[in-house]
Amino acid sequence: MKPQSDHSRLTTLPEAIAELVTDGSHLSIGGFTINRNPMAAVYEIIRQQKRELHLYAHSNGQGIDELVGAGCVRRLEIAYAGTGRFAPTCVRFRQAVESGELQVEDYSNYQMTLRFLAGAMGVPFLPTRSGLGTDILTKWGFSRKERQQDDRLPEHKLATIDNPFGDWGGAGKLILVPAINPDVTIIHVQEADRFGNARIAGLTFADIEQAKAARNLIITCERLVDDDFLRREPERNQISFLHTDAVVVLPWGAYPTACYGVYDYDPDYLHRYRETARNEKAYQSYLQEKIITPEDHFAFLARQDKARLQRLVADPETGYARGLDRKTQEMTP
Amino acid sequence: MKPQSDHSRLTTLPEAIAELVTDGSHLSIGGFTINRNPMAAVYEIIRQQKRELHLYAHSNGQGIDELVGAGCVRRLEIAYAGTGRFAPTCVRFRQAVESGELQVEDYSNYQMTLRFLAGAMGVPFLPTRSGLGTDILTKWGFSRKERQQDDRLPEHKLATIDNPFGDWGGAGKLILVPAINPDVTIIHVQEADRFGNARIAGLTFADIEQAKAARNLIITCERLVDDDFLRREPERNQISFLHTDAVVVLPWGAYPTACYGVYDYDPDYLHRYRETARNEKAYQSYLQEKIITPEDHFAFLARQDKARLQRLVADPETGYARGLDRKTQEMTP
Amino acid sequence: MNSDRKTPEAPAGYTLKEMMAIAAAREIRDGEIVFCGTGISMLAAMAAKNISAPHSTIFFETGAIDSLLEEVPLAVADPRVMYGTALNGGLAEAFATMQNQFTGKKVIGILGAAQIDPYGNLNSTAIGDYHRPQTRFSGSGGACDVASFVNRTIIFMQHEKRKFVEQLDYFTSPGWIDGPGGRERLGLPPGGPEAVITNLGIMRFDEQSKKMYLAACYPGISPEEIQEQTGFKLDPTRAIVCPPPTATELEILRRRCDPQRLILG
Amino acid sequence: MNSDRKTPEAPAGYTLKEMMAIAAAREIRDGEIVFCGTGISMLAAMAAKNISAPHSTIFFETGAIDSLLEEVPLAVADPRVMYGTALNGGLAEAFATMQNQFTGKKVIGILGAAQIDPYGNLNSTAIGDYHRPQTRFSGSGGACDVASFVNRTIIFMQHEKRKFVEQLDYFTSPGWIDGPGGRERLGLPPGGPEAVITNLGIMRFDEQSKKMYLAACYPGISPEEIQEQTGFKLDPTRAIVCPPPTATELEILRRRCDPQRLILG
């Protein structure tokens, strides 16, 4: 199906998630902390009550915490579970780890990036100097035995190697990080066409590597563009249809995280989320009423305050909502 | 000097070459076969009679052959010495290898790309599955002894490694390619600002990796843009001032190779070059009269036929000279 | 590729270069990603896209994906490959697409060489001693990478005895190595050469032995003539006569792919 | 960073958070590339750029190079870091810039952590047993990478006994490891932590032993108070009183860097 340049991959979010994400899937999502997380897809995964997901993340922040909080995730390989100033440590993540419900394997941001890059490049590992001497190298979240028994996990968390080229490059020793090839990657972008070509504005984070490493790729986008639009400036495209399995048009698809040039993150939502997440009862009712009850993304959106959404619309020059009130009482810590 | 965002790096070509390229320098140039070779810089290196250069190339084509032909190069690490249909094997390169004047170390295009990428990433090597079982792995152009005695060469041409993660990624064995960190990289781009930020239109080849791997980077550009121009769409920039040492404004700086969106390659020049290169006497007079005698790039340009240059100007939609007569009598082979 | 030199006359109505381009185009399956080199392999890919494989994607090692190719490029870095693509990247992305375990499986590579051995291993580097070659060629370029990574390759050769050899002077790009399991023993991905298309006919590789055999002769060319130009024994028992180019194939090749006859000559 | 909790009152005229931001800003040298995290480290970088290091470059692991920062970002992926940059890339490029042997030497990293040991090694992952932690934190993020790669780092900490410990519960990011030569023995590039800036004062590392010592107390805070909040012995003999923020420093920090007091509180 993939390499057919005039084959439309347009579908709906419920269909794409139902078809490509199954219980136990190895999943990665794009974005970083409070930006360009594929939140509409995250909420649909929650709605469809996917379970036992194995999640790969660098610092994907909000999306990860909501998937963890909704009980979709069994194992998580991650570098950073926080949303910057909104939650220096994601609340539901913290709770799930401290209670032993969630198994975590820790890496660094660069290690996770290289692991996706290795998957995209088709090599089993890539080298880095990051992590030598640390517990990231020596303490394993998934045991050796567990790794041996699961052929979807590499047998080592990390490996070290003496530089076979002597001291070439000034490094006598390196860490090798194992490739990740998720079953599914979901990213949210500003523009895509129906074939699955995509263009990201602002920073790309590790979305491109995550997309190319995956067996299946779902792209959600703010705007569907005409067939020849992206081909007029192909230097600006980052992902070609060769990698894409599904394209879903979802305005506000990253909300409440930001989508550069389109809308800002919603500080009120994120602050309220953190406070809600701290209270089990409040959190369950948030999940049920705000996420699961609305039948889809559009119903979820319809329940948001229109005036607040309007305030988030990006200024065309800077790409964010200039002068947005981002201070709340909860901001102090 | 590098990380000063308001420090101008503008200079002239003779100064940049005189200061940054010395006899024996390890040099790499950007571009690919007949496109975006930094030809004005190549000709200036020839004019300044640099000698004993150690050149790193993937398929840089025309620029490499002219440097070799002018006697500037002692050693060459390369993947492909040709210019497509114009010279399936570069003529002066072939002559220099067959006569034993030029020492060559052969790699593949991806291996060379990964070697630059490793240098840019700050790791001593990167892995690939390309080259297993071939003479590229086993036959070394530079001997083991020579490599041991020269600390600017890695002690092995390539190395192999058993996958420390078992059969993770489906590869039991890999080739490791050693990083390249040239003393100088020279690339030619469409747009740059005086600080050294740069934007390439069309394909980037391995220019970005070559630029970031180098100790010193010279950027030659078609157009110098205003200080804030590139910052208005920073997604479209590929190289930041952090890496740049010199910026030189050189319209037609890739001529006779192409510069996408600005001008096409010159088929007449390239055909005549191939024929001239086959005749020692004709070649020496080409070198002297066409390249060395003109005091600089602008004098070289002034000697080119204006009407011919005009025919090469790119069509704004396609980026090349539509309908250009590219057939000559020499085309038959 | 000097395919029109020292070869028998082509039957009236088409040239041997046209036959070669069309024979290769017929190998390309719909939906495949076609890795193209310079010259006749580009024409083959363009012809396939316009005839039998409309959903194939033309793709260059320089980083261009799904080029429009309104004019025939004269090199893989020709600005003509950059216009109207789905994406303009660079070498790193292009080769990663071929090494990638999902996209790489969909790629068909078209390669050329100076020498080929019975297992489809290729030399595009040097004839004679590597350190002081009698003839030096361009070198691997992306050929070794493509031959290492992708699922299947097609090889263009000029059919001469000195080019079809038992033993390569330099081993640039892997084919089937030394027979069944050869690639796997070295650590290479499976897949390998599927057809060798020359100015005389089409060779394929035996499923059991992975050795080259004669699969088809062009109209008017006999198996004996082909054996004479081959430096090792070719099993001729499965050879058929290759169907000549159809009027449609010729029309498309000539009008849409290379109207200026820059490659076709 | 809860730097205003459980700490002595700041002298009139400025807050301890302001003192911390300015103390860190003073460490940044003109011409350096400043790696910024979220919060007070961003303010320090912005203040330095506006006061003493106008040619420094603010740079984020998310891939933004030389951000304009017209408004203070609340995360390193805040869209405010993407506006008017020299280049918008991604994580792969950002970390490569730090690991790169030419650009990496110019980078100063500003980090925070939950625990620090006498050699400036950091824990930002977990307190208690790793597999069933008493308190789980965010994890490394880019901290381990930055601490591994770059030439020098500055560390922000809240000064509490349980955070300044002999032995980390989890070793997330390398400092001077176990003293001189420690990094080299592990294969890490040279360079390492240079200053620890807390809500009480400034610690540095002895050139010989690479052990943390007390370098400066903020006005009104005694070496004894600092020792009391530190879980290991700090040599106080070199401690000076840290010059308070100047009027210019305060003015710039308040007006240009965080007029909404989103970080300063």
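As the structure is a prediction and not an experimental result, all values here were calculated from the model.

1. Brief notes about the overall build of chain A
Okay, step 1: Along its length, chain A carries 12 helices and 11 strands.
Okay, step 2: For 333 residues, the compact-globule estimate of 2.2 N^0.38 gives 20 Å, and the C-alpha radius of gyration of chain A, at 20 Å, lies within 12% of that figure.
Okay, step 3: C-alpha atoms of chain A, sized along the principal axes, occupy 60 × 50 × 40 Å.
Okay, step 4: When each of the 333 residues of chain A is scored for burial, the buried share is 69%.
Okay, step 5: Considering only contacts in chain A between residues 6 or more positions apart, those separated by 24 or more positions represent 74%.
Okay, step 6: Taken as a whole, chain A presents about 10300 Å² of accessible surface, with 47% of it coming from carbon and sulfur.
Okay, step 7: Distance between charge centroids for chain A: 3 Å, based on 40 positive and 45 negative side chains.

2. Some points on the environment of Gly37(D)
All names here are of chain D.
Okay, step 1: In this fold, Gly37 is placed in the loop between β1 (33-35) and α2 (40-50).
Okay, step 2: Linking Gly37 and Gly120, residues 83 residues apart in sequence, is a C-alpha distance of 18 Å.
Okay, step 3: Look past the residues within four positions of Gly37 in its chain and what remains in contact with it is Met42, Val76 and Ile110.

3. Focus: the domain arrangement of chain A
All names here are of chain A.
Okay, step 1: Looking at chain A, the domain boundaries give domain 1 (1-124 + 180-333) and domain 2 (125-178).
Okay, step 2: Placing a centre on the C-alpha atoms of domain 1 and another on those of domain 2 gives a separation of 28 Å.
Okay, step 3: Contacts between domain 1 and domain 2 engage 26 residues on the former and 22 residues on the latter.
Okay, step 4: Where domain 1 abuts domain 2, roughly 1800 Å² becomes buried across the two surfaces, and 51% of that area is made up of carbon and sulfur atoms.
Okay, step 5: Linking domain 1 to domain 2 there are 5 salt bridges.
Okay, step 6: Where Asp183 meets Arg152, a salt bridge forms, and the shortest distance between an N and an O atom there is 2.5 Å.
Okay, step 7: Here domain 1 and domain 2 share 14 residue pairs in polar contact (both at pLDDT 80 or more) between them.
Okay, step 8: Elements represented by at least two residues in the side of domain 1 that touches domain 2 include exactly β2 (53-56), β3 (73-78), β4 (103-106) and α5 (109-121).
Okay, step 9: The greatest single-element share of the side of domain 1 that touches domain 2, amounting to 7 residues, is contributed by α5.

4. Some remarks on the packing of aromatic side chains
Okay, step 1: Applying the stated criterion across every chain, the model contains 34 aromatic pairs over all chains.
Okay, step 2: Ring centres of Trp252(B) and Tyr255(B) lie 6.0 Å apart, and the angle between their planes is 75 degrees; on these two criteria the pair is classed as edge-to-face.
Okay, step 3: Take Trp252(B): its relative accessible area is 17%, and that puts it in the buried class.
Okay, step 4: Between Tyr273(B) and Tyr283(B), the ring centres sit 5.9 Å apart and the planes meet at 80 degrees, which makes this aromatic pair edge-to-face. Here Tyr283(B) lies in helix α10 (residues 280-292) and Tyr273(B) lies in helix α9 (residues 267-277), a separation of 10 residues in the sequence.
Okay, step 5: Judged by relative accessible area, Tyr273(B) falls into the buried class, the value being 4%.
Okay, step 6: Given a relative accessible area of 0%, Tyr283(B) falls into the buried group.
Okay, step 7: Here the aromatic cluster, defined as three or more aromatic residues joined through ring pairs, consists of Tyr43(A), Trp252(A), Tyr255(A), Tyr263(A), Tyr269(A), Tyr273(A), Tyr283(A), Tyr286(A) and Phe300(A).
Okay, step 8: For Arg75(A), the ring lying beneath its charged end belongs to Phe142(A), and the centroid distance is 5.3 Å.
Okay, step 9: The ring centre of Tyr107(A) lies 4.3 Å from the NZ or CZ of Arg115(A), which sits over that ring.

The rules behind each value
- Residues numbered from 1 in each chain as written.
- Chains lettered and ligands numbered in written order.
- Predicted model: local features only at pLDDT ≥ 70, side-chain atom pairs only at ≥ 80, totals over all residues.
- Heavy atoms only, no water.
- Helix = DSSP H or I, 4+ residues; strand = E, 2+ residues; numbered from the N terminus.
- Rg over C-alpha atoms; globule rule 2.2 N^0.38 Å.
- Buried < 20%, exposed > 50% of the residue type's maximum accessible area, 1.4 Å probe, protein only.
- Contact = heavy atoms within 4.5 Å.
- Areas by Shrake-Rupley, 256 points an atom, 1.4 Å probe, with all protein chains shown as cover.
- Lys, Arg positive; Asp, Glu negative; His and termini not counted.
- Charge placed at Lys NZ, Arg CZ, Asp CG, Glu CD.
- Domains from an automatic or database assignment.
- Buried area = accessible area lost by both parts, 1.4 Å probe.
- Salt bridge = Lys/Arg side-chain N within 4 Å of Asp/Glu carboxyl O.
- Polar contact = N/O pair within 3.5 Å; in protein donor to acceptor, adjacent residues only side chain to side chain.
- Phe/Tyr/Trp six-rings, centres within 6.5 Å; stacked < 30°, edge-to-face > 60°.
- Lys NZ or Arg CZ within 6 Å of the ring centre and 35° of its normal.

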